[in-house]
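So you can see what is in the structure, the chains are spelled out below.
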Amino acid sequence: MNKGKTIFAQIMSLINEYEFKKCVDRYKGDRHAIKFNCRDQFMVKSFAQFTDRAGLRDIETTLNLCGDLYRSGIKAIPRSTLAEANEKKDWRIYQDFAMTLVKEATMLYKDEKLRIGLEEMIYAFDSSTIDLCLKLCPWAEFHHGKGAFKIHTLMDLRGSIPTFVMLTPGKVNDARMMDKIPVEAGAFYLMDRGYVAFEKLYKHFQQKGAYFVTRAKDNMSYEVIESRPVNKDSGVLSDETIRLAGYYSTRKYPDTLRLVVYEDIETGRVYRFLTNNFAIDDPLTIAELYRERWLIELFFKWIKQHLHIRTFYGTSKNAVYTQIWIAICDYLLLIIAKKRYGLDPSLHSISNSIGQVLFQRANIREIYNQPTTPVSVPEAGSVEQPTLW
C-alpha cells in the first residue's frame, strides 16, 4: 500500500543503491561533494527530463515552486550548482549504471514473447543523429558547419531493452560500428540498408553463426541460384537463393544469400529483404521480422522527444553525454517499473504520460491500471503502428 510516496519516488525506489554507489565510487564522482552528490544530480536530471524542463533556470524555478520535494527525494538547488555538477561529474558513472539496469531488465523480460513467435533472440541495430549547435559545442563537429553526435544502439526486442549503446561523433559511418556489436550465435540482427557492408556481414555475422535481416540496395549485382514457390496473396513476390556477382562483392561475401521481395499491400511499396537464414520456411516471416525494427525507431523517438533531449542543460561533451545516459537510465527504469509494478498500459503510453502524474501521491498501479486512463496521452509524435521502413 502506498504510504505517501509520489509516483516519481516509486519509480526511483527501483534503483539498486549498492550498484549505483559502485558506479559512483569507480569514477570518484562524490569526491568533494558536500551538498549535491551524484544521486542528487541523477534525481534532478530525471525530474527535468520527465517534466520537460527547458533549461537550468527552468529547473531551478520549478523545483522552488514545488511543495513537498522531500517525499520525492529531490533537492531544490541553484542552477549554478547543477551546472557545475554537469561539467565535473564523470558521464561514465551513468553509462555504467545504465548497464546494470540493462542486466536487470533483461532478466525481467527473458520470457517475453514477440508478435511473430520465434524462439530465437531478436535484436535491432540502428543509430540516430542528435544535432547540436557547433558554436556552443565545438567538440561535436559534423560537416558543413554543423554539430552532431550519434547514438548507436542494439536493442533486445523482448522488452525493447537497449543492450548496447555507443555515442560517437556525427561523422562516424554507421557500418563502422557493426564489428562493435556483441554477436550471439543463432540470434537475429535486424538492420537497415545503411549497414549493407558485405565483408562485415560475412565476418561478423555469417561466420559467427548469427542471422541478419536487412534491405538490399537497388544497385546490388547478383545471380539467382534457386527460386522457391511463394503465395503471392500474402504479399511475397519472390523467394530466391542468390550469389553476389560483383568482383569485389563475391570476395567480401563468398556464400549464398536469400532475397525475399515483398509488396506492402496497403501502400504498394516493394521491399527487397536480404538475409543469411534459409531455415525459416515462410518467406513472409522474413518481412515480418524486419517490421519489428519499428521498436528501435520508437526508442529513438522517446530519447529525442519524450525524455526531452531536445534541450541540453550544458554544452560540454561531459554535460551532454551525462544527460543522454541519464535519459537512457530513465527509459530503463520505466521498463523495469512496468514489469515490477505490473502496469497494464504500453510502455509508450506510460512514457507519454509520466510527467503529468509524477508528483501524485498514489499507488502507481492504481494510477495506470484503471479501466479508463486517468491522464491524457498526447497524440502528437506517437508511434502506434509498425512500418517496414
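Note that the structure is a prediction, hence the values are computed from the model and not measured.

## Section: the environment of alanine 54
Moving on, step 1. With respect to the element layout, alanine 54 can be found in the loop between α3 (38-50) and α4 (56-65).
Moving on, step 2. Given a relative accessible area of 54%, alanine 54 falls into the exposed group.
Moving on, step 3. Alanine 54 sits 259 residues away from tyrosine 313 along the chain, and the two C-alpha atoms are 8.3 Å apart.

## Here's the deal with the environment of glycine 314
Moving on, step 1. Tracing the sequence through the fold places glycine 314 in the loop between α10 (294-306) and α11 (317-340).
Moving on, step 2. Apart from residues no more than four positions distant in its own chain, glycine 314 is found in contact with Glu87, Ala319 and Val320.

## Comments concerning the packing of aromatic side chains
Moving on, step 1. Counted by the stated rule, this structure contains 22 aromatic pairs.
Moving on, step 2. Centroid distance tyrosine 247 to tyrosine 248: 5.0 Å. Interplanar angle 85°. Geometry classified as edge-to-face. This pair shows no difference in class: tyrosine 247 is exposed, exactly as tyrosine 248 is.
Moving on, step 3. Ring pairing ties together the aromatic residues Tyr123, Tyr189, Phe198, Tyr202, Phe205, Phe212 and Tyr253, which thus form one cluster.
Moving on, step 4. Taking NZ or CZ as reference, arginine 251 lies 3.8 Å from the ring centre of tyrosine 247, over its face.
Moving on, step 5. Lying across the ring of tyrosine 109, lysine 339 places its NZ or CZ 4.7 Å from the centre.

## What about the pattern of salt bridges?
For side chains of opposite charge, pairing can occur when their charged atoms come near one another.
Moving on, step 1. If you walk through the whole model with that rule in mind, you get 24 salt bridges.
Moving on, step 2. Notably, a salt bridge pairs lysine 339 with glutamate 112, separated by 3.0 Å at the nearest N-O pair. Of the two residues, lysine 339 sits in helix α11 while glutamate 112 sits in the loop between α6 (92-108) and β1 (122-132), which places them 227 residues apart along the sequence.
Moving on, step 3. A residue is classified by how much of its surface remains accessible, and glutamate 112, at 30% relative accessible area, is partly exposed.
Moving on, step 4. The partner of lysine 113 in a salt bridge is glutamate 119, with the nearest N and O atoms 3.4 Å apart.

Calculation notes
Residues numbered from 1 in each chain as written. Predicted model: local features only at pLDDT ≥ 70, side-chain atom pairs only at ≥ 80, totals over all residues. Heavy atoms only, no water. Helix = DSSP H or I, 4+ residues; strand = E, 2+ residues; numbered from the N terminus. Buried < 20%, exposed > 50% of the residue type's maximum accessible area, 1.4 Å probe, protein only. Contact = heavy atoms within 4.5 Å. Phe/Tyr/Trp six-rings, centres within 6.5 Å; stacked < 30°, edge-to-face > 60°. Lys NZ or Arg CZ within 6 Å of the ring centre and 35° of its normal. Salt bridge = Lys/Arg side-chain N within 4 Å of Asp/Glu carboxyl O.

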